[in-house]
Amino acid sequence: MDIIAKLRDVPLDELHPNERLKVESDYLRGALEAGLADRATGAVAEDDTQLTKFHGFYQQDDRDLRDERRHQKLEPLYSFMVRLRLPGGLVTPAQWQTLDDVSSRYANGTLRITTRQTFQYHGVLKENLRPHLQTIHQAMVDTIAACGDVNRNVICTANPHRSAVHRQVYELSHQISTRLLPSTRAYHEIFLGEERVAGGAEERTDAPAESDSPALDPQEPLYTRHYLPRKFKVALAIPPENDVDLFAHDVGFIADVQQGENGEPGELRGFTVCIGGGMGMTHGEPTTFPRLSDPIGYCTPEAVPAVAEAIMLVQRDNGNRRDRKQARLKYTVEEMGLDAFKAEVEGHLGEALAPARDYHFDNNGDRLGWIQGDDGLWHYGLFVQNGRIADFPDGPQLRTGLREIAEQHDGDLVLTTNQNVIITQVDESRREAIDALLDRHRLVAETSPLRRNAMACVAFPTCGLAMAESERYLPSLIDKLDAVMREAGLADDAIIMRMTGCPNGCARPYLAEIGFVGKAPGHYNLYLGGGFSGQRLNKLHRENIDEATILETLTPLIQRYAAEREADEPFGDFVIRIGVINATTAGREFHEV
Ligand code: SRM
Ligand code: SF4
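These numbers were taken from a predicted model, which means no experiment stands behind them.

**Observations regarding unusual backbone geometry**
Part 1 of the reasoning: Omega for the bond connecting Pro 239 with Pro 240 falls within 30 degrees of zero, at 5°, which places this linkage in the cis form.
Part 2 of the reasoning: Across the junction of Phe 460 and Pro 461, the peptide omega takes the value 5°, indicating a cis bond.
Part 3 of the reasoning: Within the secondary structure layout, Pro 461 lies in the loop between strand 16 (454-456) and helix 16 (474-487).
Part 4 of the reasoning: In this structure, Ala 459 takes a positive phi of about 55° despite not being glycine.
Part 5 of the reasoning: Relative to the elements of secondary structure, Ala 459 occurs in the loop between strand 16 and helix 16.

Shown next, in the form of structure tokens:
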């Protein structure tokens, strides 16, 4: 039964209030036009704060200044976070220069690489939203569906220029993104000045010629005016690299590649399809939990966009629309069972998926430094601490340096899901020049493997959900843990460490060997035992601890790891083997000791 049939007899009042907002929004227009014109406030209307998400931006206020503004009887200092849709993370040098320009013209002068391979801007004032979106539109970049209850930025193993298979997988990320775009013209009308066509939204011009889905709603054929119950995320990975953390997403496609010479990928044969991953949970609510996706079958490369669409339609029609905390696809899978979900997917496809195939991942990091692609060109993976591209006083001049590289180099720049950037397509003869630029702007600092493998989410001061610091705090905690690692003789070892300011899991902390999740200012839950290649969730070890207790807890464990580990044994496996923590084998058992 489709969504319209299912929801026809259910009064909207029985569903989550956001469901009414979507249905009554006139296909995501709401009162945004009037809200943008209202100069009396830096905010938009309350209801519209939900709708802006579908267009790629969030209303926020500076949390550092909240109390001061309240005392001064001023409204909070509202601004917007703007997130780009950038499937596969590729930015041309010309686009980079435009994106860099707008960061100082309309935002806070920094660019933030996200854990989903795109850029975010912070501090965009309401009056600057239109000029911001119009400028990036001229560079062929948009923010459509970057947030909201729709398919989000599609991510894939980084760098299409590394091999023919990387290119094919990157192109699939674009095909999925285009196919699953909402059809409404609201974005073009409200932000880009397009005239509204009488009668409402037009059919999208980039829609696939033969969509497999029934046209339930001519204005919004895939989503209908109900859109999805919740966000929906797709990732594609090329083993042995699991840089995208494949199992953390609603849908994951694992490339099945016939190995070529020198271990580089050869021919792309198809994809194992996984469903039901997700990270978010709520402290103290055991019915919410992170979950890793499960394989449900295998498909050809050509079938990938249709399979992604079919899975999205099953989630659209079966996801929980009463309780947003239970609305992600991972809970739909738990509720329906994997087999029933799969059967509905196959119903949409009109054929059965082939059996899933074996795969092998051996890491979930990025390949930093110089590597050579299969066409002989070189690619430089540059570490960017927590993805923040800025000029740091006494530190790397990341913004200026990368800007200069974009001006002087004609290869693309590719963002990674570990918040780094790859300078691609460098000819042997140009390597020295790039090295000189990296040096001049101090872009390549001496960093430990611990730091290079760490990620933190944004958290304070912009994130409205943060309970503790993350991006602004993790670097100093790593200074201290680096010292512990050095003293233990582990200066050259990598342990995957991640931090978030709340349990929503934006830096995928439940996949880390050591995960910190904010509980209150200065206090974190400490999780241990994640898999080194993103194949196993971790588990709670200590609750609500401060920095002193973090160091007291981790120092002896790191020392024991140095003394007792087996050859090539990752830290996450070690803490399980010595009985410090039990392995988490299924999301629903995440909270069990
Ligand atoms: Fe996230 C909400 C930042 C990746 C799970 N996330 C937010 C918001 C928008 C806060 C809010 O709702 O008010 C954060 C904005 C902070 C700011 O000031 O910029 C935010 N999420 C981020 C980013 C920027 C973190 C980063 O440091 O890079 C990432 C942007 C990704 C992108 O480009 O699209 C980001 N968020 C993730 C991921 C990782 C991923 O997708 O691979 C997750 C976990 C995976 C998942 O979805 O299960 C994630 N974010 C959440 C959740 C919890 C969702 C859930 O199922 O419970 C929320 C809260 C919500 O949706 O209600 C959230
Ligand atoms: Fe904000 Fe929490 Fe996401 Fe961090 S994990 S960006 S604190 S929502």
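**Examining the nonpolar core**
Part 1 of the reasoning: Trp 96, Phe 119, Leu 236, Phe 253, Phe 271, Ile 311 and Leu 402 are the most contacted members of the largest nonpolar core, which totals 97 residues.
Part 2 of the reasoning: In terms of residue count, the dominant contributor to this core is helix 10 (residues 304-318) (8 residues).
Part 3 of the reasoning: Excluding residues within four positions of it along the chain, Phe 271 makes contact with Val 169, Leu 172, Leu 236, Phe 253, Ile 254, Ala 255, Asp 256, Gly 297, Tyr 298, Cys 299, Pro 301 and Val 304.

**Some thoughts on the coordination of the iron atom of ligand 1**
Part 1 of the reasoning: Just one protein atom donates to the iron atom of ligand 1; it is Cys 506 (SG), sitting 2.3 Å from the metal.
Part 2 of the reasoning: Relative to the helices and strands, Cys 506 is located in the loop between strand 17 (497-500) and strand 18 (514-520).

**Observations regarding the packing of aromatic side chains**
Part 1 of the reasoning: Inspection of the entire model under this criterion finds 18 aromatic pairs.
Part 2 of the reasoning: Between Tyr 510 and Phe 590 the ring centres are 5.4 Å apart and the planes differ by 80°, which places this aromatic pair in the edge-to-face class. In this pair, Tyr 510 sits in the loop between strand 17 and strand 18 while Phe 590 sits in the segment after helix 18 (571-577), placing the two residues 80 residues apart along the sequence. Side by side, Tyr 510 and Phe 590 carry an identical accessibility label, which is buried.
Part 3 of the reasoning: Each member of the aromatic cluster is reached from another via a ring pair, and the members are Phe 57, Phe 80, Tyr 187 and Phe 191.
Part 4 of the reasoning: In this structure, Arg 357 is placed above the aromatic ring of Tyr 298, and the distance from its NZ or CZ to the ring centre is 3.9 Å.

**As for the site of ligand 2**
Part 1 of the reasoning: The full set of residues close to ligand 2 is Cys 457, Ala 459, Cys 463, Leu 465, Ala 466, Thr 500, Gly 501, Cys 502, Asn 504, Gly 505 and Cys 506.
Part 2 of the reasoning: Residues belonging to the shell around ligand 2 are distributed by class as follows: 7 nonpolar, 4 polar and no charged.

**As for the pattern of salt bridges**
Part 1 of the reasoning: Across all of its chains, the model carries 48 salt bridges by this definition.
Part 2 of the reasoning: For the salt bridge of Glu 189 with Arg 29, the shortest nitrogen-to-oxygen distance reads 2.8 Å. With Glu 189 in helix 9 (residues 186-192) and Arg 29 in the loop between helix 2 (17-23) and helix 3 (32-37), this residue pair connects regions lying 160 residues apart in the sequence. When sorted by exposure, Glu 189 lands in the same class as Arg 29, which is buried.
Part 3 of the reasoning: In the salt-bridge network here, residues are joined through shared partners; they are Glu 19, Lys 22, Asp 149, Arg 321 and Arg 324.

**Considerations on the site of ligand 1**
Part 1 of the reasoning: Residues in contact with ligand 1 amount to 30 residues; listed here are only the nearest, Thr 114, Met 279, Thr 462, Cys 506 and Arg 508.
Part 2 of the reasoning: A distance of 3.5 Å separates an oxygen atom of ligand 1 from a polar atom in the side chain of Tyr 58.
Part 3 of the reasoning: At a separation of 3.3 Å, an oxygen atom of ligand 1 approaches a polar backbone atom of Val 458.

**Notes on the confidence of the model for the protein chain**
Part 1 of the reasoning: With 95% of its residues at a pLDDT of 70 or more, the protein chain shows a mean pLDDT of 94.
Part 2 of the reasoning: Of the regions scoring below 50 in pLDDT, residues 200-214 engages in 28 contacts with residues more than four places distant in sequence or in other chains.

**Concerning the sheet that holds strand 19 (residues 523-528)**
Part 1 of the reasoning: Strand order in the open sheet made by the 5 strands is 16-17-18-19-20, with mixed pairing throughout. In this open sheet, the two strands that pair with only one neighbour each are strand 16 and strand 20 (539-545). When strand polarity is set aside, the average angle formed by the axes of neighbouring strands in this sheet is 15°.
Part 2 of the reasoning: Both strand 16 and strand 17 contribute to a ladder of 3 bridges, which runs parallel. Within strand 17, the position partnered with Ala 454 by the bridge is Met 497.

**Observations concerning the environment of Trp 370**
Part 1 of the reasoning: Within the secondary structure, Trp 370 is located in strand 11 (residues 369-372).
Part 2 of the reasoning: By relative accessible area, which is 19% here, Trp 370 ends up buried.
Part 3 of the reasoning: Considering only alpha carbons, one finds Trp 370 and His 188, 182 residues apart in sequence, at a separation of 41 Å.
Part 4 of the reasoning: If we skip the residues at most four places from it in the chain, Trp 370 touches Trp 378, His 379, Tyr 380, Val 426, Arg 431, Ile 434 and Asp 435.
Part 5 of the reasoning: Here Asp 435 takes part through its side chain, which lies 3.1 Å from a polar atom of the side chain of Trp 370.

**A look at the state of the cysteines**
Part 1 of the reasoning: Tallying each qualifying case throughout the model produces 0 disulfides.
Part 2 of the reasoning: Not engaged in a disulfide, the cysteine Cys 274 finds its nearest cysteine sulfur in Cys 299; these two sulfurs lie 11 Å apart.
Part 3 of the reasoning: Take Cys 274: its relative accessible area is 0%, and that puts it in the buried class.

**Let's talk about the pairing of strand 7 (residues 234-237)**
Part 1 of the reasoning: Because side chains alternate across strand 7, one face comprises the buried residues Val 234 and Leu 236, and the other comprises Ala 235 and Ala 237, equally buried.
Part 2 of the reasoning: Note that strand 6 (residues 155-156) and strand 7 share 2 bridges and pair parallel. From the neighbouring strand, Ile 155 faces strand 7, where its bridge partner is Ala 235.
Part 3 of the reasoning: Sheet topology note: the strand 7/strand 8 (residues 251-259) ladder contains 4 bridges and is parallel. Looking at the pairing, Ala 235 lines up with Gly 252 of strand 8.

**Quick notes on the packing of helix 10 against helix 12 (residues 338-349)**
Part 1 of the reasoning: In contact at an axis separation of 9 Å, helix 10 and helix 12 are set at 120° when each is read in the N-to-C sense. In terms of orientation, helix 10 lies oblique with respect to helix 12. In this structure, the crossing between helix 10 and helix 12 has a hand that is right-handed. Residue-level inspection shows Ala 306, Val 307, Ala 310, Ile 311, Leu 313, Val 314, Gln 315, Asp 317 and Asn 318 of helix 10 in contact with helix 12, the latter providing Phe 341, Glu 344, Val 345, His 348 and Leu 349.

**Quick notes on the environment of Glu 346**
Part 1 of the reasoning: Assignment of secondary structure puts Glu 346 in helix 12.
Part 2 of the reasoning: Exposure remark for Glu 346: the relative accessible area of 17% places this residue in the buried category.
Part 3 of the reasoning: When sequence neighbours within four positions are dropped, the list of residues in contact with Glu 346 reads Glu 351, Ala 352 and Leu 353.

About the criteria used
- Residues numbered from 1 in each chain as written.
- Chains lettered and ligands numbered in written order.
- Predicted model: local features only at pLDDT ≥ 70, side-chain atom pairs only at ≥ 80, totals over all residues.
- Heavy atoms only, no water.
- Helix = DSSP H or I, 4+ residues; strand = E, 2+ residues; numbered from the N terminus.
- Core = buried A, V, L, I, M, F, W, Y, C linked by side-chain atoms within 4.5 Å.
- Buried < 20%, exposed > 50% of the residue type's maximum accessible area, 1.4 Å probe, protein only.
- Contact = heavy atoms within 4.5 Å.
- Donors = N, O, S within 2.8 Å, 3.2 Å for Na, K, Ca; no water.
- Phe/Tyr/Trp six-rings, centres within 6.5 Å; stacked < 30°, edge-to-face > 60°.
- Lys NZ or Arg CZ within 6 Å of the ring centre and 35° of its normal.
- Near = heavy atom within 4 Å.
- Nonpolar A, V, L, I, M, F, W, Y, C, P; charged D, E, K, R; others polar.
- Salt bridge = Lys/Arg side-chain N within 4 Å of Asp/Glu carboxyl O.
- Polar contact = N/O pair within 3.5 Å; in protein donor to acceptor, adjacent residues only side chain to side chain.
- pLDDT = per-residue confidence, 0-100.
- Pairing = 2+ DSSP bridges.
- Axes fitted to C-alpha atoms, helices over the stretch in contact; angles between N-to-C directions.
- Disulfide = S-S within 2.5 Å.
- Parallel < 35°, antiparallel > 145°, perpendicular 65-115°, else oblique.
- Left-handed = near helix turned anticlockwise from the far one by under 90°.

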